[in-house]
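Examining the three-dimensional arrangement
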Amino acid sequence: APIVSAYFAPDWRALAWIGRGTLQFMNLAGDLGQTVGFQDFITGIGFTPDSSRLLIVSAEYAGNQVTGVMAVFDTQTEARLFDLKMADFIRPWAISPDGQTVATGTFGGEIALWDLAAGQPAATFSGPDQLQLLAYSPAGDLLAAATEDGRFVLLAPANGAPLADLPVPGTVVGVQFLLGGRVIA
């Protein structure tokens, strides 16, 4: 498969590249590691801040039913540790600043917070419909959810309680906390 994207771990010791539904591990000496195939296209890839985990977003199909899948790999051993699954495509997702939790969401607004050590949901709640993007604040005490209809909704990560609903003009294509979490852009 052709290379679509390549991603370096934050510590620059590992590289993962994807090509459609294929993941390829590589070290910086150019040695290829294992190749992992997925049933559907890979739609997201990211490393935890400490570079210990690689997260891959894809989907699985059984008949007409789709399941969103986030596969979690150990970057040292390249072992697939577990899969985090949702009842629909995983669209937005964000890794907490401490790398211990990942938030996943669906377009319908379902949000799950996953414990990356155990591979189990720590919390699930309903967020806003038309969910497009998720981002943690630098302290990890806020979760911003951006929607297709032009809203930023600030949530408490512990329980999903909405803290603010901020309409913005136009389409939201990105969300990021700036200036130590005091500004959302």
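Let us look at the structure shown here. Computed from a predicted structure; not experimentally measured.

Conventions used here
- Residues numbered from 1 in each chain as written.
- Predicted model: local features only at pLDDT ≥ 70, side-chain atom pairs only at ≥ 80, totals over all residues.
- Heavy atoms only, no water.
- Pairing = 2+ DSSP bridges.
- Helix = DSSP H or I, 4+ residues; strand = E, 2+ residues; numbered from the N terminus.
- Axes fitted to C-alpha atoms, helices over the stretch in contact; angles between N-to-C directions.
- Buried < 20%, exposed > 50% of the residue type's maximum accessible area, 1.4 Å probe, protein only.
- Phe/Tyr/Trp six-rings, centres within 6.5 Å; stacked < 30°, edge-to-face > 60°.
- Contact = heavy atoms within 4.5 Å.
- Polar contact = N/O pair within 3.5 Å; in protein donor to acceptor, adjacent residues only side chain to side chain.
- Core = buried A, V, L, I, M, F, W, Y, C linked by side-chain atoms within 4.5 Å.
- Salt bridge = Lys/Arg side-chain N within 4 Å of Asp/Glu carboxyl O.

Turning next to the sheet that holds strand S13 (residues 131-136). Through backbone hydrogen bonds, the strands of a sheet pair up, either in parallel or in antiparallel fashion. Reading across the sheet, the 4 strands line up as S13-S14-S15-S16 and stay open at both edges, with antiparallel pairing between neighbours. The open sheet has two free edges, formed respectively by S13 and strand S16 (162-167), since each of these has just one partner strand. Along the sheet, successive strands turn relative to each other by an average axial angle of 20°, direction set aside. Of the strand pairs in this sheet, strand S15 (residues 151-155) and S16 are connected by 5 bridges, and their pairing is antiparallel. Within S16, the residue paired with Phe152 across the bridge is Leu166.

Let us look at the pairing of S16. Little of S16 is tucked away: 0 of the 6 residues are buried. Remark: 6 residues form the turn of the hairpin made by S15 and S16, two consecutive strands paired antiparallel; Gly160 in that turn has positive phi of roughly 80°.

Moving on: the sheet that holds strand S7 (residues 65-74). Spatially, S5-S6-S7-S8 is the arrangement adopted by the 4 strands of the open sheet, whose pairing is antiparallel. At either end of the open sheet lies a strand with only one pairing partner, and these are strand S5 (44-47) and strand S8 (80-86). The average angle at which neighbouring strand axes cross in this sheet is 25°, direction not considered. When strand S6 (residues 53-62) meets S7, the two strands line up antiparallel, connected through 10 bridges. Within the sheet, the bridge partner assigned to Glu60 lies in S7 and is Thr67.

Let us now look at the packing of aromatic side chains. Inspection of every chain in the model, using the stated rule, returns 3 aromatic pairs. Here Phe25 and Phe73 contribute two aromatic rings whose centre-to-centre distance is 5.6 Å and whose plane-to-plane angle is 70°, an arrangement assigned as edge-to-face. Placement of the pair is Phe25 in strand S3 (residues 22-27) and Phe73 in strand S7, with a sequence separation of 48 residues. Judged by relative accessible area, which is 5%, Phe25 ranks as buried.

This part is about the side chain of Ser51. In this fold, Ser51 is placed in the loop between S5 and S6. The residues contacting Ser51, other than those within four sequence positions of it, are Ala9, Pro10, Asp11 and Thr75.

Counting along the chain gives 74 residues from Phe25 to Gly99, while the straight-line C-alpha distance between them is 20 Å. Contacts of Phe25, omitting those with residues within four sequence positions, involve Leu15, Asp31, Leu32, Gly33, Gln34, Val36, Leu54, Phe73 and Glu78.

This part is about the side chain of Ser137. Note on placement: Ser137 falls in the loop between S13 and strand S14 (143-147). At 2.7 Å, the side chain of Ser137 and the side chain of Asp141 are in polar contact. Setting aside residues no more than four positions away along its own chain, Ser137 makes contact with Pro97, Leu142 and Phe177.

For soluble globular proteins, nonpolar side chains are generally found buried alongside one another. Among the nonpolar cores identified, the biggest contains 15 residues, and Leu23, Phe38, Ile45, Leu54, Ile56 and Phe73 are the most heavily contacted of them. Those elements giving two or more residues to this core turn out to be strand S2 (14-19), S3, S5, S6 and S7. A total of 3 residues in this core trace back to one element, the largest contributor, which is S2. Here Ile56 is in contact with Leu23, Phe38, Ile42, Gly44, Ile45, Val69, Met70, Ala71 and Phe73, once residues within four sequence places are set aside.

All right, on to the pattern of salt bridges then. The final tally for this structure, using the stated rule, is 5 salt bridges. Across the pair Arg80 and Asp83 runs a salt bridge, and its minimum N-O distance is 2.9 Å. The class for Arg80 is partly exposed, based on a relative accessible area of 35%. Note that Asp149 is salt-bridged to Arg151, the shortest N-O span being 3.8 Å. Note on Asp149: relative accessible area 40%, which makes it partly exposed. Bridged by salt links that share partners, the residues Asp149, Arg151 and Asp165 form one connected network.

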